[in-house]
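Reading the structure
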Amino acid sequence: MTESDRIKLEDRWKQVLLAEFNEPYMVELRRFLLQRKKQGAAIFPPSSQWFNAFNHTPFDRVKVVIIGQDPYHGAGQAHGLCFSVQPEIKIPPSLLNIYKELASDLNIQNRRGTLTPWADQGVLLLNAVLTVEAGQAGAHQGKGWEEFTDAAIDHLNREREHLVFILWGAYAQKKGKRIDRSRHLVISSPHPSPLSAHRGFFGSHPFSQTNHYLVEHAIEPIKWQL
């Protein structure tokens, strides 16, 4: 990663995660990403957006954490927030199902694919892996990002209280095993993908559960309407 590729990170997250950037796994990850760029790989999202989830949702303002797997791998889709796409992009199937559940749960109709307003209210939309390559889902899994995002989750788990962790699918649930259920609310269900949503995602009421818990702990609820 060259100087021009260096990413700015929100100040409080930088304090929390600074040590991770010097860990051997992160050195190897930087080397891998630089190598793939030199080899001509199209990496999504653009490097300026790799840390968008953290920059839109500062550490001290996190209320809810939604964990995704890795970014969308189509051109122009990913912008650093899990499940979210750029404004001009067609809403992907999983996000359509999220909106169907939101409509059923809270009678809210969303027709925009960009979830930035959620992030700006305190919903950390965190993919486990922060980069991908064009047309290759999972291309950057196992390269180090998982350790970095585990560290982020660990800090939230230890240093914050009364957060809501929304874990959709087996991958997110595995990553969420490190969360202390006595300090935080964990909501788990199948993934909203069309392949699995009918197995229990629909009817799981994650949005009303989240807001009920936040209000119960004197925290302002999320305005899910976009």
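A few points on the structure. (Residues numbered from 1 in each chain as written. Predicted model: local features only at pLDDT ≥ 70, side-chain atom pairs only at ≥ 80, totals over all residues. Heavy atoms only, no water.)

The next thing to look at is the pattern of salt bridges. Summed over the entire model, instances satisfying the criterion amount to nine salt bridges. The salt bridge involving glutamate 159 is made with arginine 12; its shortest N-O contact spans 3.9 Å. Placement of the pair is glutamate 159 in helix H6 (residues 145-159) and arginine 12 in helix H1 (residues 11-17), with a sequence separation of 147 residues. Among the residues examined, glutamate 159 registers a relative accessible area of 40% and is labelled partly exposed. One salt bridge in this structure joins arginine 183 and glutamate 161, with 3.8 Å as the shortest N-O distance. Linking arginine 183 in the loop between helix H7 (170-175) and strand E6 (185-189) with glutamate 161 in the loop between H6 and strand E5 (164-168), this pair joins segments that are 22 residues apart in sequence. Arginine 183 gets classed as partly exposed once you look at its relative accessible area, which sits at 23%. Judged by its relative accessible area of 47%, glutamate 161 falls in the partly exposed class. A single network of salt bridges, built from pairs that share partners, joins Asp150, Asp154, Lys175 and Arg178. (Salt bridge = Lys/Arg side-chain N within 4 Å of Asp/Glu carboxyl O. Helix = DSSP H or I, 4+ residues; strand = E, 2+ residues; numbered from the N terminus. Buried < 20%, exposed > 50% of the residue type's maximum accessible area, 1.4 Å probe, protein only.)

So, about helix H2 (residues 24-38). With 15 residues, H2 should reach 21 Å at 1.5 Å per residue; the first-to-last C-alpha distance of 21 Å fits that figure. Every buried residue of H2 is listed here: Tyr25, Met26, Leu29, Phe32 and Leu33. Seen end-on, H2 carries its buried residues on one side only, within an arc spanning 115°. In H2, those exposed residues whose orientation departs by more than 90 degrees from the buried face are Pro24 and Lys38. Buried residues along H2 sit against strand E1 (43-44), strand E4 (132-133) and H6. Backbone geometry just after H2 places glycine 40 at a positive phi near 90°. (Expected span 1.5 Å × (residues − 1). Arc of directions from axis to C-beta. Contact = heavy atoms within 4.5 Å.)

Our focus in this paragraph is the environment of aspartate 105. Within the secondary structure, aspartate 105 is located in helix H4 (residues 93-106). When its relative accessible area of 14% is taken as the criterion, aspartate 105 is described as buried. In this structure the C-alpha to C-alpha distance between aspartate 105 and isoleucine 43, which are 62 residues apart in sequence, comes to 36 Å. Every residue in contact with aspartate 105, bar those within four places of it in the chain, is listed here: His205, Pro206, Phe207 and Ser208.

Turning our attention to the environment of alanine 139. Inspection of the secondary structure puts alanine 139 in the loop between E4 and H6. By relative accessible area, which is 21% here, alanine 139 ends up partly exposed. In sequence terms alanine 139 and glycine 203 are 64 residues apart; their C-alpha atoms lie 32 Å from each other. For alanine 139, the residues in contact, after removing those within four places along its chain, are Asp70, Val132 and Glu133.

Before going further, it helps to examine the packing of H4 against helix H8 (residues 206-216). Viewed as axis vectors pointing N to C, H4 and H8 meet at an angle of 60°, and their least axial separation amounts to 7 Å. For the element pair H4 / H8, the angle class is oblique. From H4, Ile98, Glu101, Leu102, Asp105 and Leu106 reach across to H8, where they touch Pro206, Phe207 and Ser208. Here the contact of H4 with H8 is built from residues that sort into five nonpolar, one polar and two charged. (Axes fitted to C-alpha atoms, helices over the stretch in contact; angles between N-to-C directions. Parallel < 35°, antiparallel > 145°, perpendicular 65-115°, else oblique. Nonpolar A, V, L, I, M, F, W, Y, C, P; charged D, E, K, R; others polar.)

Our focus in this paragraph is the environment of isoleucine 187. Position of isoleucine 187 relative to the elements: it lies in strand E6. For isoleucine 187, a relative accessible area of 5% corresponds to the buried category. Taking the C-alpha atoms as reference points, isoleucine 187 and leucine 167, separated by 20 residues in sequence, lie 6.0 Å from one another. Filtering out sequence-adjacent residues up to four positions away, isoleucine 187 remains in contact with Val164, Phe165, Ile166, Leu167, Pro206, Gln209 and Thr210.

A separate point is the packing of H2 against H6. Contact pair H2 / H6: the axes reach a minimum separation of 9 Å and the direction vectors enclose 135°. Judged by the angle between their axes, H2 and H6 are oblique. Of the two elements, H2 crosses H6, and the hand of that crossing is left-handed. Packed against H2, whose contacting residues are Tyr25, Met26, Leu29 and Leu33, the element H6 presents Trp145, Glu147 and Phe148 at the interface. Classifying every residue of the contact of H2 with H6 by side-chain character gives six nonpolar, no polar and one charged. (Left-handed = near helix turned anticlockwise from the far one by under 90°.)

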